[in-house]
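Breakdown of the fold
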Amino acid sequence: MQKRKKLYEGKAKILWATDDPNLLIQEFKDSLTAFDGVKKSSMGGKGSINCEITSALFKMLESKGIDTHFVKKIAPSEQVVRHLKMIQLEVIVRNYVAGSLKKRTGLPEGKEIERPIVEFYFKSDELHDPLLAFDHIFMMGFVSMAEYNYLRKAALKINEILGNFFSECGLKLVDFKLEFGRHGTDIVLGDEITPDTCRLWDEKTGEKLDKDVFRFDLGDVESVYKEVMRRVTEISV
Ligand code: ADP
Ligand code: UDP
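The following refers to the structure shown. (Residues numbered from 1 in each chain as written. Chains lettered and ligands numbered in written order. Predicted model: local features only at pLDDT ≥ 70, side-chain atom pairs only at ≥ 80, totals over all residues. Heavy atoms only, no water.)

1. Quick notes on the packing of aromatic side chains
Think of a pair of aromatic rings as described by two things: how far the centres are apart, and how the planes are tilted against each other in angle. Definition in use: Only centres within 6.5 Å qualify two rings of Phe, Tyr or Trp (six-membered ring in Trp) as a pair; their planes then separate them into stacked at under 30 degrees, edge-to-face at over 60, and tilted for everything else. Starting at the N terminus, helices and strands are each numbered in turn, a helix being any DSSP run of H or I of at least four residues and a strand any DSSP run of E of at least two. For the exposure calls, accessible area comes from a 1.4 Å probe over protein chains only, and a residue counts as buried if that area is under 20% of its type's maximum, exposed if over 50%, partly exposed in between.
Scanning the model with the defined rule gives 7 aromatic pairs in all. Look at Phe120 and Tyr148: their rings are 5.0 Å apart centre to centre, the planes differ by 35°, and that puts the pair in the tilted class. Here the residue Phe120 occupies a position in strand β10 (residues 112-122), and Tyr148 occupies one in helix α4 (residues 145-168), the gap between them amounting to 28 residues. You can call Tyr148 buried: its relative accessible area is 9%. A ring pair is formed by Phe138 and Tyr148, whose centres lie 5.7 Å apart and whose planes are at 65°; its orientation type is edge-to-face. A residue pair is termed long-range when its members are at least 10 positions apart, and Phe138 in helix α3 (residues 134-139) and Tyr148 in helix α4 qualify at 10 residues.

2. Some details on the site of ligand 2
Formally: The criterion for a residue being near a molecule or strand is simple. One of its heavy atoms has to lie within 4 Å of it. For this analysis, a polar contact is any N or O atom pair within 3.5 Å, provided that within protein one partner can donate a hydrogen and the other can accept it, and provided that sequence-adjacent residues contribute only side-chain to side-chain pairs.
Taken together, 16 residues lie around ligand 2, and Arg94, Ser100, Asp175, Arg199 and Arg215 are the ones closest in. Note that an oxygen atom of ligand 2 is positioned 3.0 Å from one of the side-chain N or O atoms of Glu90. With respect to ligand 2, the side chain of Ser100 contributes an N or O atom lying 2.6 Å from an oxygen atom. Those elements giving two or more residues to the shell around ligand 2 turn out to be β9 (89-96), α2 (99-105), β11 (171-183) and β13 (198-202).

3. Describing the site of ligand 1
Test applied: Note on areas: these come from Shrake-Rupley sampling with a 1.4 Å probe, and a residue is covered only by the protein chains present in the view. Each residue is assigned to one of three groups, with Ala, Val, Leu, Ile, Met, Phe, Trp, Tyr, Cys and Pro labelled nonpolar, Asp, Glu, Lys and Arg labelled charged, and all others, Gly among them, labelled polar.
In the region of ligand 1, 16 residues are neighbours, and Tyr8, Lys11, Ala12, Lys13 and Glu179 sit closest. The separation between an oxygen atom of ligand 1 and a polar main-chain atom of Ala12 is 2.7 Å. Residue Asp191 places a main-chain N or O atom 3.1 Å away from a nitrogen atom belonging to ligand 1. The fraction of the free accessible surface of ligand 1 (560 Å²) that becomes covered by protein chains is 90%. Counting residues per element, the ones that place at least two in the shell around ligand 1 are β2 (13-17), β3 (23-28) and β7 (78-82). Its residues assigned to classes, the shell around ligand 1 shows 7 nonpolar, 3 polar and 6 charged.

4. Quick notes on the environment of Glu147
For the record, the criterion: Only heavy atoms enter the contact rule, under which two residues are in contact if any of them lie within 4.5 Å.
Mapping Glu147 onto the fold places it in helix α4. Among residues more than four places away in sequence, those in contact with Glu147 are Arg182 and Ile187. Separated by 3.0 Å, the side chain of Glu147 and the backbone nitrogen of Ser144 make a polar contact. At 2.8 Å, the side chain of Glu147 and the side chain of Arg182 are in polar contact.

5. Quick look at the packing of helix α1 (residues 46-63) against helix α6 (residues 221-235)
Heads up, the condition is: Fitted lines through C-alpha atoms give the axes, limited to the stretch in contact for helices. The angle between two N-to-C directions lies from 0 to 180 degrees. For classification purposes, an angle smaller than 35 degrees is called roughly parallel, one larger than 145 roughly antiparallel, one from 65 to 115 roughly perpendicular, and anything else oblique. A crossing counts as left-handed when the near helix is turned anticlockwise from the far one by less than a right angle, and as right-handed when that turn is clockwise.
Taken N-terminus to C-terminus, the directions of α1 and α6 make an angle of 30°; their axes are 10 Å apart at the nearest point. If you check the angle between α1 and α6, you find them roughly parallel. Between α1 and α6 lies a crossing of left-handed hand. Along the contact surface, α1 presents Lys46, Ile49, Asn50, Glu52, Ile53, Ala56 and Leu57, while α6 presents Tyr225, Lys226, Val228, Met229, Val232 and Thr233. Considering only residue class, the contact of α1 with α6 consists of 8 nonpolar, 2 polar and 3 charged.

Structure follows, in structure tokens:
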């Protein structure tokens, strides 16, 4: 499959048109960004590491009945995906307190959340991805009530599947971000699931194996991302 026109270039990925209007090539870049793009770096091989991780995870989710955009991996840092009309929401699921939830509530980092929570943020660089109150979601017209219920249920189901999978990898799934899009009338999981979009802590040592290592200069980012790739690809079929 050939890359045609560049449709979009973001902070972490490039989307390319193909000869089939229903399919895109999603290319993973070597760039690393945090704090709304204020902290920037790049790491050789990062694109291929993230592409390998997300391809394995999406394949695993598909095998468990989750409808995703993933079609196939065609190069170290490229995958073919279904062309979705993205819903402008970031859906975040949390199992333990960390990041912005810690800031917002003052609860201690690492505190277990009894029933996983789902949050909806407005995906807008300009507004710095604000958290949306329940009524805002409908006021903005992003989704219907039925679609909201579907997204929440799908996010929790994905959390259960991913949590079990990462546990087999010896990793605690602290929190993560999902993006969904429309394909006809279906709502489909898009974007990526990688150490850029999840918090993953080693179950035994508590070591952070995700983008927080880059955000807060906690160690060697490359070896951390490679370690996640090693564990994920060892377990996945
Ligand atoms: P950002 O836009 O935040 O800088 P990326 O660099 O990851 O992020 O850009 C990837 C873009 O592609 C995001 O806007 C995401 O919503 C969008 N996207 C992800 N999967 C699909 C898909 N299957 N079809 C269309 N757009 C997608
Ligand atoms: N996240 C993401 N993209 C965003 C915002 C958050 O992938 O634009 C992920 C983040 O990596 C973490 C989870 O979503 O795994 C929850 O992030 P949080 O709200 O705590 O925000 P942070 O303060 O970490 O940016």
